[in-house]
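Descriptive analysis of the structure
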Amino acid sequence: MRIWLDGGLRDLESARVSVLDHGLTVGDGVFETVKAVDGEPFALTRHLDRLTRSARGLGLPDPDHDEVRRACTAVLEANPMPLGRLRITYTGGHGPLGAGRGEHGTTLVVAVGETTGRPDSTAVITVPWTRNERGALTGVKTTSYAENIVALARAHQHGASEALFGNTVGQLCEGTGSNVFVVLDGEIHTPPLASGCLPGITRDLVIEWTDAQETDLPLDVLRHADEIFLTSTLRDVQAVHRVDDRELPGAPGPVTAEAMLLFDERSGQDLDP
């Protein structure tokens, strides 16, 4: 594996950051996961724009988009694969042991790993923990991912691939690494950004390409929605066939199936929508 680290490609054995990097010591970093198909990244411009928004949310300097693009190209050319998970990580860099940043500059890492296509449907659970829709980092995609790791581990213990959060006022919010949509009376709904959810790239495209509406939804909408589906960079659009102890037979339902087909068609026509 060849990895881009601070200006150039390196072998896995030599791609090392300082043990005092702020991304490691205090989670002072942001990241993006980009789908790569046959060596071409999907929706890279949107991902870079969100990377910049996230960096600003932490008070980091804006990442150099040209450098990140060069890094992505170099990594994908050096590691050919049919379907890849391209990971862009941008941190506060070498710093002191504490919350204050140092003066050594930021760290940029770009790596890619091979992945496989997801099944058409999956199981999810809800968890008792909440997203804080009024938090300082709401909507920011940071490397501080421990809360998601704990929730996802619980999902795996219950035979599910994703855990869904409500927010502090009992509204449906998001998954650990996905956005959630529900179908009610033939119409597609998803929580608004004000719910505390991350502005997902696939979420945005599904809203643009379908008639999906942003709607405040109670968490218990999952108990009676006609259909439920998830969106994320590597899931694209994925139906839910079980949420907690509720089965949704026949998933994907007709509305979800149409959204899946539409996303496949539109994303295949334009790799940087």
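Computed from a prediction, not measured in an experiment: that's the story for all the values here.

Bridging between strand β1 (residues 2-5) and strand β2 (residues 8-11) involves four bridges; their strand directions are antiparallel. From the neighbouring strand, Ile3 faces β2, where its bridge partner is Arg10. If you look at the hairpin formed by β1 and β2, you'll find two residues sitting between the two strands, and Asp6 has a positive phi there, around 45°. Across two bridges, β1 lies against strand β6 (residues 107-114) in antiparallel orientation.

This paragraph deals with the sheet that holds β1. Pairing is antiparallel in the open sheet, where six strands are placed in the order β2-β1-β6-β5-β3-β4. Every other strand in the sheet has two partners, leaving β2 and β4 (40-41) as the edge strands with one partner each. Along the sheet, helix α2 (residues 44-58) makes contact with β3 (29-37), β4 and β5 (83-91), crossing β3 at roughly 170°.

Taking 1.5 Å of rise per residue, 14 residues should cover 20 Å, and helix α3 (residues 65-78) covers 20 Å from first to last C-alpha, within 8% of that figure. Inspection of α3 places Val68, Ala71, Cys72, Ala74, Val75 and Leu76 among the buried residues, and these make up the whole buried set. Its side-chain oxygen at 3.0 Å from the backbone nitrogen of Asp66, Asp64 defines the N-terminal cap of α3.

Another aspect to go through is the packing of α2 against helix α5 (residues 201-209). Where α2 meets α5, the axes come as close as 10 Å, and the angle between the chain directions of the two elements is 125°. Considering the angle they form, α2 stands oblique to α5. Like other packed secondary-structure pairs, α2 and α5 cross with a definite hand, here right-handed. Together, Arg46, His47 and Arg50 of α2 and Ile201, Asp204, Leu205 and Glu208 of α5 make up the contact between the two elements. Residues of the contact of α2 with α5, tallied by class, amount to two nonpolar, one polar and four charged.

Turning our attention to the packing of α2 against α3. Between α2 and α3, whose axes approach to 11 Å, the crossing angle comes to 130°. Considered as vectors, α2 and α3 are oriented oblique to each other. For α2 against α3, the interelement crossing comes out right-handed. Of the residues in α3, those in contact with Leu44, Thr45, Leu48, Asp49 and Thr52 of α2 are His65, Val68, Arg69 and Cys72.

Side chains of Asp185, Glu187, Asp211, Asp226 and Glu258 sit close together on the surface and give a patch of like negative charge. Topologically, Asp211 is positioned in the loop between α5 and β12 (213-214). Looking at Asp211, the relative accessible area reads 73%, which means it is exposed.

Rules used in this analysis
- Residues numbered from 1 in each chain as written.
- Predicted model: local features only at pLDDT ≥ 70, side-chain atom pairs only at ≥ 80, totals over all residues.
- Heavy atoms only, no water.
- Pairing = 2+ DSSP bridges.
- Helix = DSSP H or I, 4+ residues; strand = E, 2+ residues; numbered from the N terminus.
- Contact = heavy atoms within 4.5 Å.
- Axes fitted to C-alpha atoms, helices over the stretch in contact; angles between N-to-C directions.
- Expected span 1.5 Å × (residues − 1).
- Buried < 20%, exposed > 50% of the residue type's maximum accessible area, 1.4 Å probe, protein only.
- Polar contact = N/O pair within 3.5 Å; in protein donor to acceptor, adjacent residues only side chain to side chain.
- Parallel < 35°, antiparallel > 145°, perpendicular 65-115°, else oblique.
- Left-handed = near helix turned anticlockwise from the far one by under 90°.
- Nonpolar A, V, L, I, M, F, W, Y, C, P; charged D, E, K, R; others polar.
- Patch = residues over 30% accessible without salt bridge, like charges linked within 9 Å, V, L, I, M, F, W, Y side chains within 5 Å.
- Areas by Shrake-Rupley, 256 points an atom, 1.4 Å probe, with all protein chains shown as cover.
- Salt bridge = Lys/Arg side-chain N within 4 Å of Asp/Glu carboxyl O.
- Lys, Arg positive; Asp, Glu negative; His and termini not counted.
- Charge placed at Lys NZ, Arg CZ, Asp CG, Glu CD.

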